[in-house]
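Coordinate inspection notes
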Amino acid sequence: MNVTEIINYVEQNFNRAQATGLNSLIFLALREQTTVVHQRKEQGFDDIPRHIAAWCDELPDQYLLAIATAINTHLLDELTNTLMFAKCSKPCCTSN
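Conventions we followed
- For every chain, the first residue of its written sequence is number 1, and the numbers climb from 1 along that sequence.
- Totals for whole chains, interfaces and linings use every residue, but because this is a predicted model, local features are given only for residues with pLDDT of at least 70 and side-chain atom pairs only at 80 or more, for both listing and counting.
- Neither water nor hydrogens contribute to the side-chain values; these are computed over all heavy atoms in the structure.
- Only DSSP runs of H or I with at least four residues qualify as helices, and only runs of E with at least two residues qualify as strands; both kinds are numbered from the N terminus onward.
- Computation of the radius of gyration draws on C-alpha atoms alone. For the globule rule, the value is 2.2 Å times the number of residues to the power 0.38.
- Only one rule defines a salt bridge in this text: a Lys or Arg side-chain nitrogen within 4 Å of an Asp or Glu carboxyl oxygen.
- When accessible area is computed with a 1.4 Å probe and restricted to protein chains, residues below 20% of their type maximum are described as buried, those above 50% as exposed, and intermediate ones as partly exposed.
- In this description, one arc is meant: the one made by directions from the helix axis to the C-beta atoms.
- Should any heavy atoms of two residues lie within 4.5 Å, those residues are considered in contact.
- Residue-level confidence of the predictor is what pLDDT reports, using numbers from 0 through 100.
- Residues grouped as a nonpolar core are buried Ala, Val, Leu, Ile, Met, Phe, Trp, Tyr and Cys residues, joined through side-chain atoms within 4.5 Å.
- Put simply, two rings from Phe, Tyr or Trp (the six-membered ring, in Trp's case) pair if the centres are within 6.5 Å, and we call them stacked under 30 degrees between planes, edge-to-face over 60, tilted for the rest.

**Notes on the overall build of the protein**
Scanning the protein from terminus to terminus reveals five helices and zero strands. Moving toward the C terminus, one meets the helices and strands of the protein in the order α-α-α-α-α. The globule rule puts the C-alpha radius of gyration for 96 residues at 12 Å, and the 16 Å found for the protein is more than 25% above it. Reported as C-alpha extents along the three principal axes, the dimensions of the protein are approximately 55 × 25 × 25 Å.

This is how it looks when you write it as structure tokens:
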């Protein structure tokens, strides 16, 4: 499994909590110099599929950071779109 395939899988199958959780596990694994699978077990993040954690562990650190960056970007885009929709749906934002 490569970086793009993992990112696509996460974007298509994970909810916000799972995506944030995987990001946390990646950063903890890098910080503690352990594996994502180890952190998944230690933190009790059972909602993150083990096979995804195992795929992450097959990659070098710089690729893990690329996955984390992509997840962050996706979450930020989602948040921005939500905020923009909420802001533009108010009567003061409509144009005549």
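**Notes on the pattern of salt bridges**
Tallying each qualifying case throughout the model produces two salt bridges. A salt bridge links E32 to R31; the nearest nitrogen and oxygen atoms lie 3.6 Å apart. Exposure remark for E32: the relative accessible area of 43% places this residue in the partly exposed category. Judged by relative accessible area, which is 60%, R31 ranks as exposed.

**Some words on helix α4 (residues 50-57)**
An α-helical segment advances 3.6 residues per turn. Residues three or four places apart therefore align on the same side. Buried within α4 are the following residues: I52, A53 and C56. Viewed along the axis of α4, the buried residues span an arc of 100°, placing them on a single side of the element. Buried residues along α4 sit against α1 (3-13), α2 (16-32), α3 (36-43) and α5 (61-88).

**So, the confidence of the model for the protein**
Taken as a whole, the protein shows an average pLDDT of 91; of its residues, 92% reach a score of 70 or greater. Ranking the helices and strands of the protein by mean pLDDT puts α3 first, with 98, and α5 last, with 88.

**Here's the deal with the nonpolar core**
What tends to happen in soluble globular proteins is that the nonpolar side chains get buried as a cluster. The biggest cluster of nonpolar side chains holds 23 residues, and the ones touching the most others in it are L22, I26, V36, C56 and I67. Secondary structure elements with two or more residues in this core: α1, α2, α3, α4 and α5. Broken down by element, this core gets its largest block of residues, six residues, from α5. Apart from residues lying up to four places away in sequence, I67 is in contact with V3, I6, I7, I26, C56 and L59.

**Some thoughts on the packing of aromatic side chains**
For the structure shown, the criterion picks out two aromatic pairs. Ring centres of Y9 and F14 lie 6.1 Å apart, and the angle between their planes is 80°; on these two criteria the pair is classed as edge-to-face. A relative accessible area of 11% means that F14 is categorised as buried. For the ring pair Y9 and W55, a centre distance of 6.1 Å and an interplane angle of 85° mean the geometry is edge-to-face. Taken together, the residues span a long stretch of sequence, with Y9 in helix α1 and W55 in helix α4 at a distance of 46 residues. Residue class for W55 comes out partly exposed when judged on its relative accessible area of 21%.

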